[in-house]
Amino acid sequence: FVQNREYFMFTSLFVWRGSVWRAVLLELLVWLLIYAALSLTYRFALDSDQRRNFEEVSLFVTYYLLNIVSLPLGLVLGFYVTTVFTRWWDMWKTVPWPDKVALLINSCVRDRSGDHLMRAELYRYTMLRYLNLTFALAAWGASSKMKGIYPTLNGMVKDGLMTKEELGLIKRFKEQELHHQSWWWIPLVWCCNLIQEARENGYIQSERMMVIVYQEIMQYRQSCATLLDYDLVKFPVIYSQVVTFAVWSYFLMASLGFAQYLQPEDVDSIGTILVYEGNEIDLYFPYFSVCAFIVIVGWMKTAQKMLNPYGDGEDDVRFDLHWVLHRNVEVGTAMVVHSHVINPTLEMTNPLTGSLARTNTVKLKQHATQLANEKLKRRQRSHDSTYQTELGDFIFAGSATP
């Protein structure tokens, strides 16, 4: 497994879609053009005095970048990426899943008499549909991809997420009461009313069951609200601007500083041409600077792509909320509707066979031997105590005989 994972990490360098090469290609080409313009100007367009001035500026910029700027840039960029990644992962953990509610509904909403099985099934299915509709409306408000799939709410009617009557009720309630457009929670009201109705009609056996289902629905509602909160409260633009300015300023100065090859015309007392430290070899292409550019700018671009995972895009940092909706509908329906006909028969099995037996044979034999020894010791102690009791009774009876 470790070898396969290491092989995958190597082959992932040659992936184009969603890769760092695709993310930084345009910026890298622009930076290389700037570097090439400065390098060609230094090599062919400047006279001796101008070359010397260029070299002094380049050496000063190199010293400034390597000794003053590098550490603060790493701290700022590292903290930025950490903050963005934490927010990105929290946004994924916020995505609501109706599995717990569906399992509770499947267990609590039942027709105990057997006379209204279809009615109980309709209760369960409609409750789940309202949960999925709530998520669909919340995702529709937060995700540009969902809005592209459903330009209007009529698309949800066509997909069976809600009926035309329910769409009319939502529109009417939205126009009359909710001018701020926060209406995604309306199906949850219908779901709670349906749970109360099921309780009154005897499909939920106890108040405790009903309260447990209500509590899970409230947690589901909180997840949908938090999903919308992340879309409402954007990541501060000024933070991204500071990081972008810092990174680009660093590499624009690097194109004049350590990325350049300097070849002075000065000679020492014996006629040897002086060479600046780090400029012993003319590579003609800034290989090491390009590697640093890909790492640092790629790091920044990764964080910037993670700022809006609910948006539309081909990168693997995006959250496909439409796939989540499809999965929730499919799995939830299987839980509340089809799970009643797939109950297996009861059968005794021995799981300590096969691979489990091979891996634990020694431990199991030791444990069995230990249990047998303890059982034998208990029997011996019980036998000894019984013999002593009988002997004492016999002696007592003999001493009491006249």
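Predicted, not measured: the structure shown is a model, and the values here were computed from it. (Residues numbered from 1 in each chain as written. Predicted model: local features only at pLDDT ≥ 70, side-chain atom pairs only at ≥ 80, totals over all residues. Heavy atoms only, no water.)

Trainee: Describe the pattern of salt bridges, with residues and values.
Mentor: All told, the structure shown has 10 salt bridges when counted by the stated rule. The partner of Lys-93 in a salt bridge is Asp-90, with the nearest N and O atoms 3.6 Å apart. Highlighted residues: Lys-93 and Asp-90, both in helix 3 (residues 48–94), separated by 3 residues, approximately one helical turn. Residues Glu-207 and Arg-199 are paired through a salt bridge, measuring 3.2 Å at the closest nitrogen-oxygen approach. (Salt bridge = Lys/Arg side-chain N within 4 Å of Asp/Glu carboxyl O. Helix = DSSP H or I, 4+ residues; strand = E, 2+ residues; numbered from the N terminus.)

Trainee: Give me the nonpolar core: which residues, what numbers.
Mentor: With 90 residues, the main nonpolar core has Met-127, Phe-135, Met-156, Ile-217, Val-247 and Phe-251 as its most contacted residues. In terms of residue count, helix 5 (residues 117–142) provides more of this core than any other element does, 14 residues in total. Sequence-distant contacts of Met-127, that is, excluding residues within four places in its chain, are made with Ile-105, Val-109, Cys-191, Leu-194, Ile-195 and Ala-198. (Core = buried A, V, L, I, M, F, W, Y, C linked by side-chain atoms within 4.5 Å. Buried < 20%, exposed > 50% of the residue type's maximum accessible area, 1.4 Å probe, protein only. Contact = heavy atoms within 4.5 Å.)

Trainee: So what's going on with the packing of aromatic side chains? Residues and values would help.
Mentor: The relative placement of two aromatic rings is captured by the distance of their centres and the angle of their planes. Overall, the coordinates contain 23 aromatic pairs when judged by the stated rule. Ring geometry for Trp-140 versus Trp-183: centroids 6.2 Å apart, planes at 50°, classification tilted. Here Trp-183 lies in the loop between helix 8 (164–177) and helix 9 (186–200) and Trp-140 lies in helix 5, a separation of 43 residues in the sequence. Exposure remark for Trp-183: the relative accessible area of 6% places this residue in the buried category. Between Tyr-250 and Phe-251 the ring centres are 5.2 Å apart and the planes differ by 85°, which places this aromatic pair in the edge-to-face class. Neither residue differs from the other here; Tyr-250 and Phe-251 are each classed as buried. Connected via pairs of aromatic rings, a cluster forms that spans Trp-31, Tyr-35, Trp-248, Tyr-250, Phe-251, Phe-258 and Phe-293. (Phe/Tyr/Trp six-rings, centres within 6.5 Å; stacked < 30°, edge-to-face > 60°.)

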